[in-house]
Amino acid sequence: MNEAIGTAASPHPDTEGVDGGVGLTALLVAASRAIESHRGDSLAQDVYAEHFVRAAPACAGWPVRIEQVPDGDDNALWGRFARYFGLRTRVLDDFVVRSVLTGVRQVVLLGAGLDTRAFRLDWPSDCVFFEVDRAGVLAFKHQVLAGLSAAPRVRRVPVPVDLRDDWVTALTGSGFDPAAPSIWLAEGLLFYLPGPAETYLVDTVDLLATEGSALAFEAKLEADLMAYRDSAIYTATREQIGIDLLDLFDKGPRPDSAGRLEARGWSASTHTPFEFSRRHGRGPLPEPNDALEGNRWVFAYRRRP
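Quantities reported herein were computed from a predicted structural model and do not represent experimental measurements.

A. Region of interest: the sheet that holds strand β3 (residues 155–160). Strand order across the open sheet formed by 7 strands is β3-β2-β1-β4-β5-β7-β6, with mixed pairing between neighbours. Of all strands in the sheet, those bounded by a partner on one side alone are β3 and β6 (266–271). Taken over all neighbouring pairs, the strand axes of this sheet differ in orientation by 15° on average, direction set aside. As paired elements, strand β1 (residues 106–110) and strand β4 (residues 183–186) share 3 bridges and run parallel to each other.

B. Quick look at the nonpolar core. Counting residues in hydrophobic clusters, the biggest one holds 74 residues, and the most contacted among them are Leu27, Leu28, Phe52, Trp62, Trp78, Phe81 and Phe129. At 13 residues, the largest contribution of residues to this core is made by helix α4 (residues 76–101). In contact with Phe81, other than residues within four places in its own chain, are Leu28, Ala76, Ile233, Thr237, Leu245 and Leu292. Among the nonpolar cores identified, the runner-up in size contains 32 residues, and Val108, Phe130, Val161 and Val298 belong to it.

C. Fine view of the packing of aromatic side chains. Tallied over the full model, the rule gives 19 aromatic pairs. Judged by centre distance (6.2 Å) and plane angle (40°), the ring pair of Phe52 and Phe140 falls under tilted. Note that Phe52 is positioned in helix α3 (residues 49–55) and Phe140 in helix α6 (residues 135–147), a separation of 88 residues in sequence. The exposure class assigned to Phe52 is buried, which follows from its relative accessible area of 0%. The exposure class assigned to Phe140 is buried, which follows from its relative accessible area of 12%. Ring centres of Phe130 and Phe176 lie 5.9 Å apart, and the angle between their planes is 80°; on these two criteria the pair is classed as edge-to-face. Separated by 46 residues along the polypeptide, Phe130 in strand β2 (residues 128–133) and Phe176 in the loop between α7 (167–173) and β4 bring together distant segments of the chain.

D. Up close: unusual backbone geometry. Not every positive phi belongs to a glycine, and Ser149 is a case in point at roughly 55°. Phi is positive for Asn289, which is not a glycine, with a value near 45°. Here Asn289 shows up in the loop between α12 (273–280) and β7 (295–302). Residue classification places Asn289 among the partly exposed positions, given a relative accessible area of 41%.

E. View of the packing of α4 against α12. One way to put it is that α4 packs onto α12 with a least axis distance of 10 Å and a crossing angle of 85°. Judged by the angle between their axes, α4 and α12 are roughly perpendicular. Contacts between α4 and α12 involve Arg80, Tyr84, Leu87, Arg90, Val91 and Asp94 from the former and Pro273, Phe274, Phe276, Ser277 and His280 from the latter. When grouped by side-chain class, the residues that make up the contact of α4 with α12 number 6 nonpolar, 2 polar and 3 charged.

F. Region of the structure containing the pattern of salt bridges. A complete count under the given rule lists 28 salt bridges for this structure. Glu187 is paired through a salt bridge with Arg117; the nearest N and O atoms lie 2.9 Å apart. Here Arg117 lies in helix α5 (residues 117–120) and Glu187 lies in the loop between β4 and α8 (195–208), a separation of 70 residues in the sequence. By the burial criterion, Glu187 is buried, and Arg117 matches it. One network of salt bridges, in which partners are shared, links Arg88, Asp93, Asp115, Arg117, Arg120, Glu187 and Glu218.

G. Molecular detail of α6. The end-to-end C-alpha separation of α6 is 18 Å, in line with the 18 Å expected for 13 residues at 1.5 Å each. Among all positions of α6, only Gly136, Val137, Leu138, Phe140, Lys141, Val144 and Leu145 are buried. For α6, the elements touching its buried residues are α2 (21–37), α3, α5, β2 and β3. Taken from the residues just after α6, Ser149 is the one with a positive phi, measuring 55°.

Calculation notes
Residues numbered from 1 in each chain as written. Predicted model: local features only at pLDDT ≥ 70, side-chain atom pairs only at ≥ 80, totals over all residues. Heavy atoms only, no water. Pairing = 2+ DSSP bridges. Helix = DSSP H or I, 4+ residues; strand = E, 2+ residues; numbered from the N terminus. Axes fitted to C-alpha atoms, helices over the stretch in contact; angles between N-to-C directions. Core = buried A, V, L, I, M, F, W, Y, C linked by side-chain atoms within 4.5 Å. Buried < 20%, exposed > 50% of the residue type's maximum accessible area, 1.4 Å probe, protein only. Contact = heavy atoms within 4.5 Å. Phe/Tyr/Trp six-rings, centres within 6.5 Å; stacked < 30°, edge-to-face > 60°. Parallel < 35°, antiparallel > 145°, perpendicular 65-115°, else oblique. Nonpolar A, V, L, I, M, F, W, Y, C, P; charged D, E, K, R; others polar. Salt bridge = Lys/Arg side-chain N within 4 Å of Asp/Glu carboxyl O. Expected span 1.5 Å × (residues − 1).

Spelled out as structure tokens, the structure:
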């Protein structure tokens, strides 16, 4: 288990917390959720998001309201890209809520980052959230939320482990029951992993998820990521906050994870984010040289017998 993930892990060095590397992208998403929360036409509310941004020295000066951005919604990063993350938050909120309403009571957040769904949404009292991420990320989140005296609305179980290590043993050792249906969320995770690591993770979820389970994840299908290096979103992210997303994304070929799940008895649907922009009347729409063109949101369900 440990060796399988370890040998496929990204060669990029990563910091333990949120001060750099992939960890810093969790703060980018938190700032985007904060901006979304303060909008009059917000799709998702997260009162904790701006506190993460203000607690991390790495993002001092980042906006938490669109009014703090000189060019407002015309800004490629804090306008269009932040709206993307706001839309993604709402769509995946809806996915988890719908799945819980079917009676599933285990939710697993893979690469949980600064996710606050356990705190900001209403859940049945017998539901449990397993938040799997590196110890430093979870410790930062705990410190900020404890300082706010925030209380989860569900039983929340942090699982401090790197997904390149033996996370299955850590998860089951924390009380996860593979015999019971489960909901899995891999939000903004898989494109940081090499293809073989993504396949291993999806295969492992398949082994741990019994009938009645559900999985949602985000994928990128561009044949050549570098073709979008000069796109407005990637350029703005590099120039305004010093994050080179293309340096963090794995550039190898991507597996067909949705097809792999279907071959194993799941039903899966693949959507562009733009479909949900049109459905909600909010969010990004296609534009030339669009870094979001290859993004796909996949929803998979393990069929009941």
